[in-house]
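Working through the structure, step by step
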Amino acid sequence: MNKLIITAALTGAEVTRAQQPALPITPEEIGIAAAECAAAGAAMVHVHARLPDGTPTQDKAVYQQIIAEVKKRSDVIVQVSTGGAVGMSAAERLAPVTLKPEMATLSMGSVNFGGDVFMNRPSDMEVFLHAMTQQGVKPELEIFDTGMLTTALRWLKQGLLVGPQHFDFVLGIPGGMAGTPEALLYLRAQLPPDATWTVAGIGAAQLPLATLAVLLGGHVRVGFEDNIFYRKGELASSNAQLVARVARLSAELGRALATPAQARAMLHIK
Ligand code: KMH
Ligand code: ZN
């Protein structure tokens, strides 16, 4: 079977230090957490920027520091968020793409997000894709619900998206698709043969969906952005602890881990 790419979603925009005391917030903390995750088996990190007080920001300068802090400690692929936090403007969210990171997220539609709405207008999505294409940034297509995959497939058919695409199924957001095996299998069945995919199970869905993805030949995203617990009632001690568990599972199931270089080749990152 193909090698497993583990992505660590280190910080996100929503989790607080009060909820998860080990949450990395500053660029240096994010760089250290990324190196720990790389040592535990991650080939990629998905990063969000925060101000020192924990407020989410899409400030390009903070992302620049994060990328530098990660790169000086490890060779993992750095994927920046263009999702940012609910309520940010599209222009604000797009800022880190101008740094020409290796990858950036591209949400493929709007979705209720807890008590909020995560807004992604089709016109903004096209602007995001155009900017990524111009800057040579590989998109990861974020799928929170089934219509978003339909949109991505339509864009492929229309030639807006070209070539093998990488999908992230984010399952279990209140407002989005459920974090169930059925949801994952339904989405996966619709993918073009050349697509790659990863799953980000939210909360308690993280471990079962990660295990299923290992078995199915998909890839796995874990980390505090999606889940702060190691098991019910027990906080994880670090992002790396969550990565290490998937690495162990994968080894038990006979699937080797992709190095960052191998992940770049598998995802067609130049
Ligand atoms: N924070 C969420 C509203 C992404 O990184 O691209 C959106 C998000 C998706 O986290
Ligand atoms: Zn994110």
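Before reading on, note that the structure itself is shown above.
Residues numbered from 1 in each chain as written. Chains lettered and ligands numbered in written order. Predicted model: local features only at pLDDT ≥ 70, side-chain atom pairs only at ≥ 80, totals over all residues. Heavy atoms only, no water.

A closer look at the coordination of the zinc ion (ligand 2)
Definition in use: Here a donor is an N, O or S atom found within 2.8 Å of the metal, or within 3.2 Å if the metal is Na, K or Ca; sites may look incomplete because water is not among the atoms. Classification of residues uses two cut-offs on accessible area relative to the type maximum, computed with a 1.4 Å probe and protein chains only: under 20% is buried, over 50% is exposed, and between them is partly exposed.
In the first shell of the zinc ion (ligand 2), the protein supplies His46 (NE2), His48 (NE2) and Glu225 (OE), at 2.1 Å from the metal. In terms of primary sequence, the donors binding the zinc ion (ligand 2) are separated according to H-x1-H-x176-E. By relative accessible area, which is 2% here, His46 ends up buried.

Focus on the site of ligand 1
Stated precisely, the cut-off is as follows: Consider each residue's heavy atoms; a residue with any of them within 4 Å of a molecule or strand counts as near. Identification of polar contacts relies on pairs of N or O atoms within 3.5 Å, with a donor-acceptor requirement for protein atoms, meaning one able to donate a hydrogen and the other able to accept it, and with residues adjacent in sequence counted only if both atoms are side-chain atoms. Only the protein chains shown count as cover for residues, with accessible areas throughout obtained via the Shrake-Rupley method and a probe of 1.4 Å. Amino acid classes used here: Ala, Val, Leu, Ile, Met, Phe, Trp, Tyr, Cys and Pro are nonpolar; Asp, Glu, Lys and Arg are charged; the rest, including Gly, are polar.
Looking at ligand 1, the residues that line it are Ala13, Glu14, His46, His48, Ser81, Gly83, Gly84, Val86, Thr105, Phe113, Phe118 and Glu225. Contact distances for ligand 1 include 2.7 Å between a nitrogen atom and a side-chain N or O atom of Glu14. Contact distances for ligand 1 include 2.7 Å between an oxygen atom and a side-chain N or O atom of Ser81. Computed on the free molecule, ligand 1 has an accessible area of 300 Å², of which 97% lies beneath the protein chains in the complex. In the shell around ligand 1, the residues fall into 4 nonpolar, 6 polar and 2 charged.

Topic: the pairing of strand 6 (residues 103-107)
Heads up, the rule is: Going along the chain from the N terminus, every DSSP run of H or I of four or more residues is numbered as a helix, and every run of E of two or more is numbered as a strand. A pair of strands is treated as paired once DSSP finds two or more bridges between them.
In terms of burial, strand 6 is a largely internal element, 5 of the 5 residues being buried. Residues Met103, Thr105 and Ser107 point to one face of strand 6 and Ala104 and Leu106 to the other, with burial holding for every one of them. For strand 5 (residues 77-80) and strand 6, the ladder comprises 2 bridges, and the chain directions are parallel. By the bridge assignment, Val80 is partnered in strand 6 with Ala104. Examined bridge by bridge, strand 6 and strand 9 (residues 138-143) share 5 bridges and lie parallel to one another. The residue of strand 9 that forms the bridge with Ser107 is Glu142.

Honestly, it's all geometry; don't read function into it.
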